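What follows is each chain in one-letter form.
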Amino acid sequence: MKIAIVGFALSGFSFLKSIIDNKKNDNLEIDIYEKRSEYPAGLPYEDDSYDKLLNVDSDEMIYPKENKDDFKDWMEDNNKKIDPIEKMAPRIYFASFLKDKAKDYIDLPFVNIINEEVTDISVSINDYKESYELRTKDKKSTYDFIFLATGASFYQDPYGLRGEDSYIESPYPLKDKLKDIDDDSSIAVIGTSAASTDVFRYLMKNKNLTKPINFFTGENEYKIVDIPYEGSIYDKYSLDDAWINRALSDNEFINLDELIDRIEKDFSDNGFDLRYAYNTYKDHSLDLSRKAITENDQALAFCEDYFMQFTVYVADIINNLRPQDRQIFLNKYYKYLSFLGGKTPYKSMKLILKAYDERNIDIITNSKSIEKTSNGSFLLKGDRSSYADVLINCSGIETNLNKVADKLPLYNNLLSKEMIMADKDGECIAVTWPRLNPLSKKYGCLRNISITGMMVTTTDIDNNDARCIQKSAERIGKILVDDYNL
Ligand SMILES: Cc1cc2nc3c(=O)[nH]c(=O)nc-3n(C[C@H](O)[C@H](O)[C@H](O)COP(=O)(O)OP(=O)(O)OC[C@H]3O[C@@H](n4cnc5c(N)ncnc54)[C@H](O)[C@@H]3O)c2cc1C
């Protein structure tokens, strides 16, 4: 079988590893297409400043949980230290870890790396057999199976400022994009996500800014702090693969009532209430983070760790509910956990609060507009107005399929050939679960192409997480080995 992997970062590598670890035969040829010169790394872990830190603990990066300490142990063995103040690992170490693990796989004689961007894929179907033609600028090859793992697209441009002077469209690599900013500039950052925290940290450490950094964001100030939980969530979380398999053993779907009872019971058995954290902290203000830190709120800490575990299983759970139950679960229950997505690391929040108290940062909420003025500065309007000389965009990765297709030739071609179509409200790509095969009116379902990463997050729910990316890629590798007796 001839396989192409498009995009060689965490997902592409996890798929390659799964195929090779599970295969029983040698009837394989694997071509890997990667447009970056650095691999496997991807945008989150690419070469950059040591100030770019993971937004979760080192033992929350690896799937399955039996191997959760692999990255942590690798850091110890390789004398890599966590950041002494924020106690998180630099993200570039995760790329070093991946490169180390990938060496033996990419050296195999039937694995080829092609350091080029894929710009087009076509399908032809004869006797129910799909065959794919893949193109780069200079090359054209045919494959039986495509694993499309192109990951993060590009940063959204919510105020239509792309191309304006002093507008930094994407903050990464920090060491290139932010190094020339003048200490006397007034700086505004769009968003208060993990990327904004990277920017804040980099600027505070590497510059002597004379004016406060202005964060410009929506309703909420800064995602709530991640309070360290003093127990072990692994003893207390019960909605794992074994529970899912049991729930499905005699039934076509997971029963919604049983699911909710199980979550409620996990909380009540440990003396906590599922709704408490949401009702107390959903407004994500700095004052609420301050309160959680002062009180060392273990009820919030439990809910945060619970959500960290739930994230790994949520796609399996939600995709195995009846559609009507799925909607009820998403609308009425999931919010009690999912509002904790993107929470701010504990020590980072302490630095942010200190900077806020010392007036080194300011936050404008209820963002409405940003305009470029005639003197070249930016006018930001929200609950207050402010001017900035430099604007750094950390607003989030684009997942609207039309917008992605407008900018990326591969997706433009796939969309115009109707090999893919958008999921609900134009967002992401509609795929099956768990094979992640694209759906379309023209082809129905293309079974020999699987799409992972952010562009399928409406199906692979909450997969903006290294463990979810590994889980889906590994599973598809195993399915392929079984289906084709590889
Ligand atoms: C900025 C950022 C920070 C994050 N930090 C964390 C974190 O700290 N912890 C965590 O658990 N999760 C984090 N995540 C979630 C993250 O999505 C996953 O951890 C994971 O890295 C995604 O892997 P991927 O392989 O799907 O995509 P990516 O890492 O985006 O990799 C996609 C690869 O495909 C290549 N590619 C794209 N298009 C083409 C093409 N047409 N031809 C050839 N090659 C192509 C790219 O060059 C890239 O190497 C972060 C995400 C982002 C965006």
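In this numbering scheme, every chain counts its residues from 1 along its sequence in written order. Since the coordinates come from a predicted model, pLDDT governs what is reported: local features require at least 70, and pairs of side-chain atoms require 80 or more to be given and counted, while whole-chain, interface and lining totals use all residues. With hydrogens and water excluded, all non-hydrogen atoms of the structure serve as input to the side-chain values.

Q: How would you summarise the packing of aromatic side chains if you had to cite specific residues and measurements?
A: Each aromatic pair joins two rings of Phe, Tyr and Trp (for Trp, the six-membered one) with centres within 6.5 Å, and gets the label stacked for planes under 30 degrees apart, edge-to-face for over 60, and tilted for any other angle. Enumeration over the complete set of coordinates arrives at 30 aromatic pairs. Each member of the aromatic cluster is reached from another via a ring pair, and the members are Tyr229, Tyr237, Phe267, Phe272, Phe302, Tyr306 and Tyr313. Placement of a positive charge over a ring is assigned whenever Lys NZ or Arg CZ falls within 6 Å of the ring centre and within 35 degrees of the normal to the ring plane. The side chain of Lys52 reaches across the aromatic face of Tyr172, ending 5.0 Å from its centre. In this arrangement the basic side chain of Lys407 is found over the ring face of Phe154, its NZ or CZ atom lying 4.5 Å from the centre.

Q: Now, about the pattern of salt bridges: what can you tell me, with residues and values included?
A: Each salt bridge in this description consists of a side-chain nitrogen of Lys or Arg and a carboxyl oxygen of Asp or Glu lying within 4 Å of one another. Enumeration over the complete set of coordinates arrives at 37 salt bridges. Between Asp465 and Arg467 there is a salt bridge whose closest N-O contact spans 2.8 Å. In this scheme, a residue with accessible area under 20% of its type's maximum is buried, one over 50% is exposed, and one in between is partly exposed, where area comes from a 1.4 Å probe on protein chains only. According to the relative accessible area criterion, Asp465 is buried, its value standing at 12%. The structure contains a network of salt bridges with shared partners spanning Glu86, Arg91, Asp198 and Arg201.

Q: Please set out the domain arrangement of the protein chain residue by residue, giving values where relevant.
A: Domain ranges listed in this record stem from an automatic or a database domain assignment. Each domain of the protein chain was delimited in the assignment, giving domain 1 (2–154 + 398–484), domain 2 (167–222 + 344–393) and domain 3 (233–338). Taking the mean C-alpha position of each, domain 1 and domain 2 sit 31 Å from one another. Summing the contributions of domain 1 and of domain 2, the shared interface buries around 1400 Å²; its carbon and sulfur component is 53%. We define buried area as the total accessible area lost by two parts upon association, computed with a 1.4 Å probe and summed across both. When residues of domain 1 are sorted by the area they lose upon contact with domain 2, Asp48, Asp51 and Glu86 head the list and together hold 42% of the total. Joining domain 1 to domain 2, the criterion identifies six salt bridges. A salt bridge links Lys407 to Glu169; the shortest N-O distance between them is 3.4 Å.

Q: Tell me about the sheet that holds strand β10 (residues 213–216), and please be specific about residues and values.
A: Here we have five strands laid out as an open sheet, ordered β8-β15-β9-β10-β11, and parallel in their pairing. Taken across any chain shown, the strands that pair with only one partner, and hence form the sheet edges, are β8 (167–168) and β11 (361–364). Should any heavy atoms of two residues lie within 4.5 Å, those residues are considered in contact. Angular values range over 0 to 180 degrees, each being the angle between N-to-C directions of two axes fitted as lines to C-alpha atoms, with helices fitted over their stretch in contact. Every helix listed is a DSSP run of H or I at least four residues long, and every strand listed is a run of E at least two residues long, numbered separately from the N terminus. Of the strands in this sheet, β9 (187–190), β10, β11 and β15 (390–393) touch helix α6 (residues 194–206), which is tilted by about 175 degrees from β10. Whether two strands pair depends on DSSP finding at least two bridges between them.

Q: Mind laying out empty space enclosed by the protein, listing which residues take part and the relevant values?
A: The method works on a 1 Å grid over the protein atoms by themselves. A cavity is a set of points holding a 1.4 Å probe that cannot get out, a pocket is an open set with protein on both sides within 12 Å along at least five of seven lines, and residues with an atom within 4 Å of a point line them. Grid points are joined across faces, edges and corners, and a volume is the space filled by probe spheres set on the points. Under the criterion given, the structure shown has three cavities of 30 Å³ or more. Taken as a whole, the largest cavity holds about 90 Å³ of empty space. Lining the largest cavity are Asp59, Glu60, Ile62, Tyr63, Pro64, Lys65, Lys68, Tyr234, Gln309, Val312, Tyr313 and Arg467. Under the grouping applied here, Gly and all other residues not named as nonpolar or charged are polar, the nonpolar ones being Ala, Val, Leu, Ile, Met, Phe, Trp, Tyr, Cys and Pro and the charged ones Asp, Glu, Lys and Arg. Here the lining of the largest cavity is composed, by residue class, of six nonpolar, one polar and five charged. Here the lining of the largest cavity gathers at least three residues from each of two domains, domain 1 (2–154 + 398–484) and domain 3 (233–338). If you add up the space inside the second largest cavity, you get close to 60 Å³. Around the second largest cavity, the lining residues are Thr311, Val312, Tyr313, Ala315, Asp316, Trp433, Asp460, Ile461, Cys468, Lys471, Ser472 and Arg475. Residue assignment for the lining of the second largest cavity shows that the elements contributing at least two residues are α11 (298–319) and α17 (466–484). Element by element, the count of residues in the lining of the second largest cavity is highest for α11, at five residues. In terms of residue class, the lining of the second largest cavity is built from six nonpolar, two polar and four charged. No fewer than three residues from each of domain 1 (2–154 + 398–484) and domain 3 (233–338) sit in the lining of the second largest cavity.

Q: Pulling in residues and values, what's your account of the side chain of Glu86?
A: Along the polypeptide, Glu86 turns up in the loop between α3 (70–77) and α4 (91–106). Note on Glu86: relative accessible area 3%, which makes it buried. Nitrogen and oxygen atoms within 3.5 Å of one another constitute a polar contact, given that in protein one can donate a hydrogen and the other can accept it, and given that sequence-neighbouring residues count only through two side-chain atoms. Here the side chain of Glu86 touches Arg201 through a polar contact of 2.6 Å, side chain to side chain. In contact with Glu86, not counting residues within four places along its chain, are Leu53, Arg201, Lys347, Ser348 and Leu351.

Q: Can you break down the nonpolar core residue by residue, with the values?
A: Core analysis: the largest hydrophobic core is formed by 74 residues, its most contacted members being Ile3, Phe15, Leu16, Ile30, Phe71, Ile121 and Tyr411. The residues contacting Leu16, other than those within four sequence positions of it, are Ile5, Phe8, Ile30, Ile32, Tyr105, Ile106 and Val111. Residues grouped as a nonpolar core are buried Ala, Val, Leu, Ile, Met, Phe, Trp, Tyr and Cys residues, joined through side-chain atoms within 4.5 Å. In this structure, Tyr237, Ile260, Ala301 and Tyr333 belong to the second largest nonpolar core, which totals 73 residues.

Q: I'd like a rundown of the site of the ligand, residues and numbers included.
A: What surrounds the ligand is a group of 32 residues, the closest being Ser11, Glu34, Tyr45, Val118 and Ala466. Between Tyr45 and the ligand, the recorded distance is 2.7 Å, taken from a side-chain N or O atom to an oxygen atom. Interatomic distance of 3.0 Å between a side-chain N/O atom of Asn55 and an oxygen atom of the ligand. Listing elements by their share of the shell around the ligand, those giving two or more residues are α1 (10–22), α2 (42–45) and α17. Counting residues per element, the shell around the ligand draws most heavily on α2, which supplies four residues. Looking at side-chain class alone, the shell around the ligand contains 18 nonpolar, seven polar and seven charged residues. Residue proximity to a molecule or strand is established when one non-hydrogen atom of the residue lies within 4 Å of it.

Q: An account of a negative patch on the surface is needed here, citing residue identities and associated values.
A: The grouping of Asp70, Asp73, Glu76 and Asp77 at the surface amounts to a negative patch. Looking at the element boundaries, Asp73 is found in helix α3. Only residues above 30% relative accessible area that lack a salt bridge enter a patch, with like-charged residues linked at up to 9 Å and the nonpolar side chains Val, Leu, Ile, Met, Phe, Trp and Tyr linked at up to 5 Å. Values of accessible area rely on a 1.4 Å probe in the Shrake-Rupley scheme; residue burial ignores everything except the protein chains shown. Counted charges follow a simple rule, with Lys and Arg positive, Asp and Glu negative, and His plus the chain ends left uncounted. Just so you know, the charge point we use is NZ for Lys, CZ for Arg, CG for Asp and CD for Glu.

Q: Describe the layout of surface pockets, listing the residues and the values that go with them.
A: Put simply, the second largest pocket is a space of about 430 Å³. Every element with two or more residues in the lining of the second largest pocket is listed here: α11 and α14 (346–357). Among the elements that make up the lining of the second largest pocket, the one with the highest residue count is α11 (three residues). Counted by class, the lining of the second largest pocket contains nine nonpolar, three polar and nine charged residues.

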